[in-house]
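Each chain, letter by letter, is given below.
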Amino acid sequence: PTSAQLSVVPHSRRFRYTLDNDVLTTEQRQFYEDNGYLLIKKLVSDEDIERFRKEFMRICKKEVKVPGAMIMKNEALRSQYGKSEKVVNKVQDFQEDEELFRYCTLPEVLKYVECFTGPNIMAMHTMLINKLPDSDKQTFLHPMHQDLHYFPFRPADLIVCSWTAMERADQNNGCLIVQPGTHKTTLKPHGYPKWEGKTNKLFHGLIDEDEKIPKVHLVMEKGDTVFFHPLLIHGSGINKTSGFRKSISCHFASSECYYIDVKNTTQEHLEKELAEMVSQKFNATSVELKVRAYRIVSVRKDL
C-alpha cells in the first residue's frame with residue numbers, strides 16, 4: 001500500500017491536531033483544528049465501494065467466514081429473512097478479510113490519515129455498518145458518544161477515524177451527526193441510553209449530554225469520506241427509509257501510541273462487559289482482552 005511520505009515534525013504553534021504535511025491546505029487544517037472533523041468529497045471510488053458491498057453480501061450469506069470478526073445481527077429478523085443484509089447491521093473487526101481490509105490500505109485514504117498520525121500507521125478498529133430501517137421494536141440510532149471510550153490507548157491526538165459513505169447518507173436514512181469543537185473536551189462517562197427494550201449491545205452514549213451544543217448533520221454522497229478525532233462527540237440518526245445505509249470505516253493510530261490500564265477509569269465497565277460477552281460466546285471461565293493492531297507501511301509517491 002502507498003500513501004504520503006511525511007516526516008513527523010513537531011506541531012507548529014498554530015496547529016495541534018494535524019502534523020505538518022503537503023496534503024491538507026491551511027484552510028483544511030484550520031477547519032479540523034476548530035471542528036475536529038474534515039470531509040473529503042468522492043475520495044473512494046465507486047468500483048472499490050462495489051467490491052466492499054459484494055464482500056459484505058457474501059458475509060451475510062455465510063459464503064465466507066471472517067476469523068475474529070463480530071457479526072452483529074437483529075435476531076428478531078433472522079426467521080423472516082434468513083441469511084441476508086436485512087438481518088446483519090454490522091461487521092466489526094474485519095481485518096482478517098482480505099477484501100474488506102483493502103479499505104485500510106487505500107492510498108487515497110492513507111495520504112490523509114498520515115496528516116493526523118504520521119507515517120507509521122496502525123489499523124486499530126474496523127467496521128462495516130449496515131444501518132437497518134428502524135421499527136417499533138428496534139432502533140439503530142447510535143446515541144451521541146466519543147469513540148475514545150472504546151479504545152484503551154493514547155494519545156488521542158494521534159488517533160483518527162476514516163469513515164466512508166457507501167451510498168448517500170442524509171437525515172432520512174440516519175447520517176452522521178457531529179458536535180463541532182467537542183474534540184477539545186475530555187473523555188466523558190458513557191453508558192446505555194434509557195430506551196426501553198430498544199438498546200443495542202455496545203451502543204453506548206454520553207450519560208450527560210449537553211443539548212445546548214449545536215449539532216451538524218453530515219450529508220454525504222457515495223465515496224465521500226470524513227476524518228474525525230476520537231474525542232469528537234458524534235452519533236447517527238434513525239433510518240426512516242425501507243433501505244439500508246452502508247458505510248465502511250477504520251480507526252488508525254500512530255505506532256507511537258501506548259496502551260493504558262482502564263481500571264478505575266470511565267472505561268472500566270466497558271472492559272467488563274466485553275469480557276462477559278466473550279466469556280459467554282466461547283464458554284470460557286476467564287478472559288483476557290487484548291487489542292490487535294495491524295501495521296500499515298506508508299510510502300506514497302506524489303503524482
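Residues numbered from 1 in each chain as written. Predicted model: local features only at pLDDT ≥ 70, side-chain atom pairs only at ≥ 80, totals over all residues. Heavy atoms only, no water.

Inclusion rule: UniProt positions are given in the numbering used here, feature names are shortened, and annotations may be inferred rather than shown by experiment.
Per an unreviewed UniProt entry, the chain goes by Phytanoyl-CoA dioxygenase, peroxisomal and derives from Todus mexicanus. If you open the UniProt record of the chain and go to Pathway (unreviewed entry), you find "Lipid metabolism; fatty acid metabolism." For the chain, the Sequence similarities (unreviewed entry) comment in UniProt is given as "Belongs to the PhyH family."

### Brief notes about helix α1 (residues 26-35)
Keep this limit in mind: Summary of the burial criterion: residues with accessible area below 20% of their type's maximum are buried, those above 50% are exposed, and those between are partly exposed, where the area comes from a 1.4 Å probe applied to protein chains only. Numbered from the N terminus, helices here are DSSP runs of H or I no shorter than four residues, and strands are runs of E no shorter than two. Only heavy atoms matter for contacts: two residues are in contact if any of them lie within 4.5 Å across the pair.
For α1, the set of buried residues is Arg29, Tyr32, Glu33 and Asn35. At its buried positions, α1 is contacted by β1 (37-40), α5 (107-117), β7 (159-165) and β12 (225-228). Downstream of α1 by a residue or two, glycine 36 has a phi angle that is positive, lying close to 85°.

### Considering the pairing of strand β14 (residues 245-254)
What counts, and what does not: Two strands pair if DSSP finds at least two bridges between them.
By the criterion of burial, β14 is predominantly enclosed, with 10 of the 10 residues buried. Burial along β14 is two-sided: Arg245, Ser247, Ser249, His251 and Ala253 facing one way and Lys246, Ile248, Cys250, Phe252 and Ser254 facing the other are all buried. Here strand β4 (residues 121-131) pairs with β14 via 10 bridges, running antiparallel. Among the inter-strand pairings, leucine 128 is bridged to a residue of β14, identified as isoleucine 248. Two elements, β7 and β14, share 7 bridges in a ladder whose sense is antiparallel. Counterpart to isoleucine 159 in the pairing with β14 is alanine 253.

### Overview of unusual backbone geometry
When glycine is set aside, most residues are seen to have a negative phi, and most peptide bonds are trans. With an omega of 5°, the peptide bond between arginine 154 and proline 155 qualifies as cis. For proline 155, the position within the fold is in the loop between β6 (153-154) and β7. The backbone of lysine 62 shows a phi angle near 60°, a positive value even though the residue is not glycine. Inspection of the secondary structure assignment puts lysine 62 in the loop between α2 (46-60) and β2 (70-73). For lysine 62, a relative accessible area of 52% gives the class exposed.

### Thoughts on the sheet that holds strand β13 (residues 234-236)
Definition in use: A fitted line through C-alpha atoms serves as each axis, taken over the contacting stretch for helices, and the angle formed by two N-to-C directions is quoted from 0 to 180°.
With antiparallel pairing, the 4 strands of this open sheet are ordered in space as β5-β13-β8-β11. Whereas interior strands pair on both sides, the edge strands pair on one side only; in this sheet they are β5 (142-145) and β11 (216-218). Averaged over all adjacent pairs, the angle separating strand axes in this sheet is 25°, with direction ignored. Inspection of the sheet shows strand β8 (residues 176-178) paired to β11 by 3 bridges, in the antiparallel sense. If you follow leucine 176 over to β11, its bridge partner there is leucine 218.

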